[in-house]
Amino acid sequence: MSQLGQVVGILRKLYDEYCISTPKKLKLIDAYLVYVLLTGIIQFAYCLLVGTFPFNSFLSGFISTVGCFVLAASLRIQLNKANQSTFNVSPERAFADFVFAHIILHLVVVNFIG
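Just so we're clear, the structure is a prediction, and the values are computed from it rather than from any experiment.

## Comments concerning the pattern of salt bridges
Applying the stated criterion to the full structure yields two salt bridges. Measuring nitrogen to oxygen at the nearest pair gives 2.5 Å for the salt bridge that ties D30 to R76. One end of the pair, D30, is in helix 2 (residues 24-50); the other, R76, is in helix 3 (residues 55-79), with 46 residues separating them in the sequence. A salt bridge links D97 to R93; the shortest N-O distance between them is 3.2 Å. Placement of both D97 and R93 in helix 4 (residues 91-113) is noted, with a separation of four residues, approximately one turn of the helix. Residue class for D97 comes out partly exposed when judged on its relative accessible area of 34%. Classification of R93 by relative accessible area gives exposed; the value is 51%.

Have a look at this one:
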């Protein structure tokens, strides 16, 4: 029981530090990442339970969620102040790259559906 209490204490401290030290922009991106992750999990579970009859539809939807997750993670990394020395990119430029890459990703996904 004490190990469970230690784990809960560690997770609570991690959550408190996250709430205190993470800017609101990054929290918003994190919420989007959780949403996209849950969408991918639901799509995969649906594929396992129901099947993959229109396989192109499943594959394009799953590729879309994975691509959205990767692009959002890249945006989060570029906007993080701790990585400012590595990525010398303005927040506006990083967001413009994110939007442009999303447009290209979704054009490819729609083209793949057929």
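## As for helix 2
Helix length check: helix 2 (27 residues) gives 39 Å between terminal C-alpha atoms against 39 Å at 1.5 Å per residue, within 8%. By the burial criterion, the buried members of helix 2 are L26, I29, D30, L33, V36, G40 and C47. Where helix 2 is buried, its residues meet helix 1 (2-21) and helix 3. Note on helix 2: the residue one or two positions beyond its end, G51, has a positive phi of about 125 degrees.

## Observations concerning helix 3
In a regular helix each residue adds 1.5 Å, so 25 residues correspond to 36 Å; helix 3 covers 36 Å between its end C-alpha atoms and thus fits that length. When we look at burial in helix 3, the residues that qualify are F58, S60, G61, S64, T65, G67, C68, A72, L75, Q78 and L79. Packing partners of the buried residues in helix 3 comprise helix 2 and helix 4.

## Observations concerning the side chain of T22
Locating T22 in the fold gives a position in the loop between helix 1 and helix 2. Given the relative accessible area of 13%, T22 is considered buried. Polar side-chain contacts of T22 include one of 2.9 Å to the backbone oxygen of Y18. Once residues lying within four places of it in the same chain are set aside, the contact partners of T22 are E17, K27 and R76.

## Side note on a nonpolar patch on the surface
On the surface, V34, L37, L38, I41, V66, F69 and V70 cluster together to form a nonpolar patch covering roughly 590 Å² of accessible area. Within the residue set of the nonpolar patch, elements represented by two or more residues are helix 2 and helix 3. Counting residues per element, the nonpolar patch draws most heavily on helix 2, at four residues. Its place among the elements puts L38 in helix 2.

Parameters and conventions
Residues numbered from 1 in each chain as written. Predicted model: local features only at pLDDT ≥ 70, side-chain atom pairs only at ≥ 80, totals over all residues. Heavy atoms only, no water. Salt bridge = Lys/Arg side-chain N within 4 Å of Asp/Glu carboxyl O. Helix = DSSP H or I, 4+ residues; strand = E, 2+ residues; numbered from the N terminus. Buried < 20%, exposed > 50% of the residue type's maximum accessible area, 1.4 Å probe, protein only. Expected span 1.5 Å × (residues − 1). Contact = heavy atoms within 4.5 Å. Polar contact = N/O pair within 3.5 Å; in protein donor to acceptor, adjacent residues only side chain to side chain. Patch = residues over 30% accessible without salt bridge, like charges linked within 9 Å, V, L, I, M, F, W, Y side chains within 5 Å. Areas by Shrake-Rupley, 256 points an atom, 1.4 Å probe, with all protein chains shown as cover.

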